[in-house]
Structures are given as structure tokens and as C-alpha cells.
Amino acid sequence: MLKNRSVVGKSSTIASVPLCKQQGTTHAIGVILQKYWLLYALFAPTLALIIVFNFLPNLMTVPLVFKKYYLLRGIWDSPWVGLANLEALFTSPDFGIVLRNTIVISVYRLVFGFFPPIILAILTHDLLSHRIKRITQSVTYLPHFLSWPIVYGIVLALINPANGVIITFLRNMGFTPENLLVSETFFRPLLIITAIWKEVGWGAIIYLAALAGIEPELYEAATVDGAEWYHRIFYITLPGIKPVVTLLLTLSLAGILSAGFEQVYLFYSPLTYSVGDIIDTWVYRRGLLSADFGLATAVGFFKSVIGFLLIITANKLAKRYAGQGIW
Amino acid sequence: MNSVMDLTRVRSRKIPISRSEKLYQLAAHVIVISVALVCLLPCLYVVSISITPYAALSLEGGYALIPKHVSLEAYRTVLASGEIVNGFLVSVLRVLVGTSLHLAVCSAAGYALSKRYLPGSGLFIKLVLFTFLFVPGLIPYYLVVRSAGLLNTFWAYVIPSAAGAWSIFVFRQFFMELPPDLEEAARLDGATELDILVRVILPLSGPVYAALGLFNAVGHWNDYMTAVIYVPNPDLQPIANVLQKVLTQQSRVMASPDLQLDPSKLSISAWEQIPSLGIQMTVVVVSLIPILLVYPVLQKHFVKGMLTGAIKG
């Protein structure tokens, strides 16, 4: 705390000039509190919320993983069971399926969802008509602000087996489509397509901002030198957004065990558990609906540990390849 | 396409435009406009389903993007439903209380953290960053919410989400960028810390409150997982959850035991037990309207808001 004194001197505000030096520590704390009580009071609610809703549950994870938790006995009086929960986790037949589904869905999201916003941003950036640029941007952002239930409603309107417009169209073309809402083959594509639909315009914003930072002179000079549009894209546009692309790509690694709880919970059903049940939905059902707290916490713990390692790795990679990380 | 050609001509005064360049412009316009249509048309289709009278369905053999007959019957049915009106009110209340609380807590923390001279501010910033890195698992979090007595109460919507690292950092960034001279001038005039905050800083902070407030309000309006996990009370269901229930009644039909054995048994008649598509889409539209109302304002703010968040590093 005391080393902040040097910062105090630099900040050149009158009230922050240290009033007393070389005093007893208790006295110093008193002075600090007296001088900064307002700022501490302003931070206090956040501190309390962080302690209760972040530190406490993080601390509780350990006893929950190694105890057999009984809701009525509480966390102190529930018996320790050693590694039983973790053993149950790794021998559970569900765990492999759930882990695989989570990773497969995340990887699909990344492979199919990462590039559409980049392409949309480049094309939008190159549009000569500013009016069309503005209008299309406004329209493509919109789905980001719709809730997943609304998106699911739109999906129902399009592909419900009775009178969804796409189903009706396919039927009129002479096909007999299956019920796509509960189809195992179509479940993952449905997740990915709707997620792309929802986020493509929003995802393009950050690239458009990066593109706006490229010197227009570069484009003009290139055009004068006879560069075609594909030359411009490959030699100016893509190099211009490469840092942002690298940063976002490495960071997306961190989310590989989060495959979209809100969306999956809404879209899946017992008929599609085999391809759609992910870690989060499984923890929710197993832990809260079946009250198997130990096992569900163990899975959640597994996810947190891997997630933590991934975000550290992602940050390192981002620093190495994109020149900046999240911290 | 007219405006494209105009601009092409404007440009051609300087540099002749090659054939491939024109083709590229054409292709880019076609693709971008198609993406925009793909984003927009399903939403319009939902609206048109909601105003198509049920009786006209069998006559016309399905729903059309532009319905021939219009009826607000579905809206009357939906608005007469106590559950939906209640859901709407719960959501409105949640947005008002939740957003105010979130802004109050996060702006206060952001202001405190913007003062680098505050002893301990480095530690506080690390604490806030910690919440980014260590996200607690669902079960321990649930047990904490439960022992805090929030389970199945309205407060479960607004208290646990009151402090948010992202908002705190955006506020901090904003306060740090305010010119320090203002504060010093006020201090020379004998203003106390509290005077400075209330009379100097707050009046300047409208835009950042508006931007973060809108984001948070939309988040509260759209969130449905909180109610699923922490608030089963049927009287406290927000509109998003009422919508979810109205939409997923078909999964309950499909989850019935004989269908589990043989999914092909799901006949069209099974669908008749479900609220009609018209009713479902009407609920979609009703829960969509508030978002559309704030969208123009939102749009003005969000690019800036998102970029501040991205840069804050």
C-alpha cells in the first residue's frame, strides 16, 4: 500500500498530496481511510458481490468435489468421500459422450462460424454505396439483440414439421423431409446455422473497425498502380486485419468447453441428447434436476480447470502471434 | 443498384474502373444485400404469421410473407392471457431494477478504480480481473444463491448480476479519460470529493450510462437461463421464459413415451395439441417489440461501447 505514495505525488491533485510522513502504520491507515472513505465506500458493494458470488462458490468447489453433499446436512456436516466423485466422473458412460459433444460443437462453431463475419466485413467495407453500407449493417446487427427463445420461435416458423415454410416448400418440391427439430443428423447444423445467423453482423463490427483504421491512401495508391480488387484484398485488407483475426482466433480457444448453454438447452430434447448434450446441460440435469451434486460439481470443476488452462494458453498464444493479449 | 452506379461514375472521374472491378462491386452488393435479407425476412415472416387469421390458413394452403387477410385475433388472445401480461411486467420490472442497480454498482466501482492514487486500487483491479478468470461452476453458484435466500425470489434476477467486470472496466476507462483539470478546479473552489462526484463527474457521464444501461437492459430482457435455474416460481417468469414455454410445448408432446420408442409416430395431429403457430409467433412479436423500440438508440451507442470494451485491454 505504501508504495502507492509515489503515485500520489505524481497525480498532481491537491487533495492527494500526502499530508503526513513517517507516522505509525495504524495512524497511516486511519488517515488513508479518512481521506479516501468515499472511494472505498464506492467500491464496497462490488467487493461484497465479488466475495459472495465469485470467491465463495469458487472456494466451495473443493469440498463439493471431495464430499458426498447432502442438502439438508449442509456443506460442513456432509462426509468426505475422497476421490469417489472424480472416479464416478471418469467411469460414467455419459461423460465421454458429453465431452465429445461439447468439443465437436465448439469446433464446428469455430470452423464454420469464424470466417463469415470476416468475409461480410470485407465485402461491406468495399461497398461503394454508403447508403447500402449503412442500411445493411443496421439490419445484420439486429439478430444479435434477439433472445434465444425468439430465435427458436423463428426456427419454428421456418422448419416446424406441420407448416414451416421451408418444410412446405420441400414438400411441394416432392421431398418428404424428416422432422428437422428432433433430427440427430440435423441438430448440430441447426445450432451452427442459427448461431451464425444471429452473430454474423455483430461479429463483423470489430473487423470493420479494424478496416476503418487502414489508410485510404494505401488503396488509392494501389488502384493507381493498377491493383485489382483481389490484389487489394490480399495485399492491403487482409494484412490490415491480421492482428485482430489472430487475436480473436486464439482467444476463441479459451471457450472450447463452453458450447453454448442457453442455445443448446432450448434446442435440444431427449431425442437429440446423443448429439447435443453438452457439459453445461448435463451438469444442469444431473446436478440440479437429479440432485447429484458431487458428480455434477466434479464435472463443473473439470470444466473450470481446463477452461482456466485454455485461457492462460490462449493469452500466451495471443501475445506471441497477435502482439497483445487480454491482459 | 442505382446509387452504386452513381458512385462508380463519381470515382471514374479519377481512375477508370475495370470490368472485374465492376463485377466485384456487383457481387459484393448482391452478397451483402442477401445477407441482410436473410437476417430480415425471417423476422418479417414471423410478423406476418402473427397477423394471418387462422381461418385463412386452410384457404391459402399455408402462410405467406405478405398475408392476403389480416387479423389481430391472435394478439387479442395473447394479450388476454394473464401469464403473458404478467411475464411482460416481470421483465419490465426486472429491466428497470436490474439495470439501475447494475449501473449504480458498476459506475461506483469504476469511479473508485479510476483513481490510481487510491491505496489498494491495484489489488482491487486484480480482484475484478479474477472474476474473469475463475468463473464458478453451476452447482456451487446455485448453492450460494440458495443460501443467500435469493432462490425463487425476484432478487435472483438482479443481485448476483449487479457487479460485472466488463461494465466496471468500461466505466473506469471513461472516468480516466475525463480531463483532470475539471476536478482540480472544483477542488480549488473548495468542493469535497462527494461534491466533485455529484456535481462535476456525474453530469458529464450521461453517454456512458446510456450505452451500458441499454446493453444491460437488453441483456436482462433477453436472459432466460436465470429463471430456468434459480426462479421456478410461475408468478415470476419473465417474458422470455413464457415465450420459451409457449414454443417448447411440442417437445413435451414429443417426449411422450410412445414417441420415444418410435419418433415417426409424431403425426400432424400431435401438433394440434400445441398452441397454433399464429399464437406462438404473436408471443415472439410481443417479446420483440421493446427491443425494436430501443434498437435505433442502441445502434448509435453500441459500436462505441463494444470498441471501448475491446480496447480496454
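For clarity, every value in this text was computed on a predicted model and none was experimentally measured.

Draft legend 1. Spotlight on the overall build of chain A. Each helix and strand counted, chain A has 16 helices and zero strands in total. Looking at chain A as a whole, 50% of its 327 residues qualify as buried. Nonlocal contacts in chain A, meaning residues at least 24 apart in sequence, comprise 62% of its contacts between residues at least 6 apart. Looking at chain A as shown, the accessible area adds up to about 15900 Å², and 68% of this sits on carbon and sulfur atoms.

Draft legend 2. A look at the overall build of chain B. Assigned secondary structure in chain B consists of 18 helices and zero strands. Considering chain B as a whole, with its 313 residues, one finds that 50% of them fall into the buried category. Surface summary for chain B: the accessible area is close to 14800 Å², and the carbon and sulfur share equals 67%.

Draft legend 3. Structural detail: a nonpolar patch on the surface. On the surface, a nonpolar cluster with roughly 410 Å² of combined accessible area is contributed by I103, V107, Y108, V111 and F112 of chain A. As for its position among the elements, F112 of chain A is in helix α5 (residues 93-113).

Draft legend 4. Region of interest: the pattern of salt bridges. Evaluated as defined, the whole model comprises 11 salt bridges over all chains. Its salt-bridge partner being K303 of chain A, residue D280 of chain A comes within 2.9 Å of it at the nearest N-O pair. Of this pair, D280 of chain A sits in helix α15 (residues 279-289) while K303 of chain A sits in helix α16 (residues 293-322), placing them 23 residues apart in sequence. In this structure, the salt-bridge partner of R94 of chain B is D223 of chain B, at a minimum N-O distance of 2.7 Å. With R94 of chain B in helix α5 (residues 82-114) and D223 of chain B in the loop between α12 (206-222) and α13 (225-230), this pair connects stretches of sequence that are 129 residues apart. One exposure class covers both R94 of chain B and D223 of chain B, and it is buried. One network of salt bridges, in which partners are shared, links K115, E183, R187 and E193 of chain B.

Draft legend 5. Fine view of empty space enclosed by the protein. Applying the stated rule across the entire model yields three cavities of 30 Å³ or more. Of the pockets and cavities examined, the second largest cavity occupies roughly 40 Å³. Considering the residues around the second largest cavity, the lining is formed by L120, T124, T136, Q137, T140, Y141, G201, A204 and L208 of chain A together with V32 of chain B. Counting only elements with at least two residues in the lining of the second largest cavity, the list comes to α6 (115-126), α7 (130-141) and α10 (184-212) of chain A. In terms of residue class, the lining of the second largest cavity is made up of five nonpolar, five polar and no charged.

Draft legend 6. Layout of the confidence of the model for chain B. Residues and elements named next belong to chain B. Overall, the predicted model of chain B reaches an average pLDDT of 83, with 80% of residues at or above 70. Here residues 1-13 is a poorly scored stretch, pLDDT under 50, and it has 15 contacts once near neighbours within four places are set aside; other chains count. Predicted confidence for residues 257-261 stays below pLDDT 50, and this span has nine contacts to residues more than four positions away or in other chains.

Draft legend 7. Seen up close, the packing of helix α10 (residues 180-188) of chain B against helix α11 (residues 193-204) of chain B. All names here are of chain B. It is at 10 Å that the axes of α10 and α11 come closest, and there the two elements cross at 140°. Overall, the two elements α10 and α11 adopt an arrangement that is oblique. Seen along the crossing, α10 lies across α11 with a hand that is right-handed. Facing L182, E183, A186 and R187 of α10, the residues of α11 in contact are E193, I196, V200 and L204. Each residue belonging to the contact of α10 with α11 can be placed in one class, and the counts come to five nonpolar, no polar and three charged.

Draft legend 8. Quick peek at the interface of chain B and chain A. Opposite the 107 residues of chain B that make contact, chain A presents 103 residues. Where chain B abuts chain A, roughly 9700 Å² becomes buried across the two surfaces, and 79% of that area is made up of carbon and sulfur atoms. Interface area lost by chain B to chain A is led by Y24, Y117 and I139 of chain B, which between them contribute 7%. Scanning the region where chain B abuts chain A turns up one salt bridge. The interface formed by chain B and chain A contains 16 residue pairs in polar contact (both at pLDDT 80 or more). Element by element, the count of residues in the side of chain B that touches chain A is highest for helix α2 (residues 19-51) of chain B, at 19 residues.

Draft legend 9. Quick peek at the packing of aromatic side chains. Overall, the coordinates contain 37 aromatic pairs over all chains when judged by the stated rule. Considering the side-chain rings of F174 of chain B and F175 of chain B, the 5.8 Å spacing of their centres and the 70° angle between planes classify their relative orientation as edge-to-face. Each member of the aromatic cluster is reached from another via a ring pair, and the members are F261, Y265, Y268, Y273 and Y284 of chain A together with Y224 of chain B. Above the ring of Y273 of chain A, the side-chain terminus of R285 of chain A is found at 4.0 Å from the ring centroid.

Draft legend 10. The arrangement of the environment of V228 of chain B in detail. With respect to the helices and strands, the residue V228 of chain B is situated in helix α13. Using a relative accessible area of 17% as the deciding quantity, one classes V228 of chain B as buried. Spatially, the C-alpha atom of V228 of chain B lies 7.7 Å from that of N241 of chain B, the residues being 13 residues apart in sequence. Beyond its immediate sequence surroundings of up to four residues, V228 of chain B is in contact with Y265 and Y284 of chain A together with N241 and Q244 of chain B.

Draft legend 11. Here's a closer look at the state of the cysteines. Within the structure shown, the criterion is met by zero disulfides over all chains. C43 of chain B provides the cysteine sulfur closest to C39 of chain B, a residue in no disulfide bond, and the two sulfurs are 7.9 Å apart.

Draft legend 12. Representation of the nonpolar core in the model. Counting 116 residues, the largest nonpolar core has F267 of chain A together with I229, Y230 and M281 of chain B as its most contacted members. What Y230 of chain B contacts, discounting residues up to four positions off in sequence, is L138, Y141, Y142, V145, L151, N152 and A156 of chain B. In this structure, L39 and L42 of chain A together with A109 and I201 of chain B belong to the second largest nonpolar core, which totals 35 residues.

Draft legend 13. View of helix α4 (residues 84-91) of chain A. Residues and elements named next belong to chain A. Considered for burial, the residues of α4 that qualify are N85, L86 and L89. Projected down its long axis, α4 shows its buried positions confined to an angular sector of 95°, all on one face. Among the exposed residues of α4, those oriented more than 90 degrees off its buried face are E87 and T91.

Draft legend 14. Highlighting the environment of L317 of chain A. Residues and elements named next belong to chain A. Within the secondary structure, L317 sits in helix α16. Taking the C-alpha atoms as reference points, L317 and T246, separated by 71 residues in sequence, lie 9.2 Å from one another. Once you skip the residues sitting within four places of it in the chain, L317 turns out to touch T250, L253 and A322.

Draft legend 15. Spatial organisation of the confidence of the model for chain A. Residue and element names in this part refer to chain A. Here chain A shows a mean pLDDT of 85. Residues at 70 or above account for 92%. No element of chain A has a lower mean pLDDT than helix α1 (residues 4-10), at 41, and none a higher one than α6, at 95. Confidence over residues 1-21 falls short of pLDDT 50; this stretch has 31 contacts with residues more than four positions distant or in other chains.

Draft legend 16. Broad picture of unusual backbone geometry. Phi is positive for A291 of chain A, close to 55°, though the residue is something other than glycine. Examined against the element boundaries, A291 of chain A turns out to sit in the loop between α15 and α16. Even without a glycine there, the phi angle at N152 of chain B is positive, about 65°. Within the element layout of this structure, N152 of chain B appears in the loop between α7 (138-147) and α8 (155-158). The exposure class of N152 of chain B is partly exposed, given its relative accessible area of 34%.

Conventions used here
- Residues numbered from 1 in each chain as written.
- Chains lettered and ligands numbered in written order.
- Predicted model: local features only at pLDDT ≥ 70, side-chain atom pairs only at ≥ 80, totals over all residues.
- Heavy atoms only, no water.
- Helix = DSSP H or I, 4+ residues; strand = E, 2+ residues; numbered from the N terminus.
- Buried < 20%, exposed > 50% of the residue type's maximum accessible area, 1.4 Å probe, protein only.
- Contact = heavy atoms within 4.5 Å.
- Areas by Shrake-Rupley, 256 points an atom, 1.4 Å probe, with all protein chains shown as cover.
- Patch = residues over 30% accessible without salt bridge, like charges linked within 9 Å, V, L, I, M, F, W, Y side chains within 5 Å.
- Salt bridge = Lys/Arg side-chain N within 4 Å of Asp/Glu carboxyl O.
- 1 Å grid on protein atoms, 1.4 Å probe; cavity = no way out; pocket = protein on both sides within 12 Å on 5 of 7 lines; lining within 4 Å.
- Points joined across faces, edges and corners; volume = space filled by probe spheres on them.
- Nonpolar A, V, L, I, M, F, W, Y, C, P; charged D, E, K, R; others polar.
- pLDDT = per-residue confidence, 0-100.
- Axes fitted to C-alpha atoms, helices over the stretch in contact; angles between N-to-C directions.
- Parallel < 35°, antiparallel > 145°, perpendicular 65-115°, else oblique.
- Left-handed = near helix turned anticlockwise from the far one by under 90°.
- Buried area = accessible area lost by both parts, 1.4 Å probe.
- Polar contact = N/O pair within 3.5 Å; in protein donor to acceptor, adjacent residues only side chain to side chain.
- Phe/Tyr/Trp six-rings, centres within 6.5 Å; stacked < 30°, edge-to-face > 60°.
- Lys NZ or Arg CZ within 6 Å of the ring centre and 35° of its normal.
- Disulfide = S-S within 2.5 Å.
- Core = buried A, V, L, I, M, F, W, Y, C linked by side-chain atoms within 4.5 Å.
- Arc of directions from axis to C-beta.

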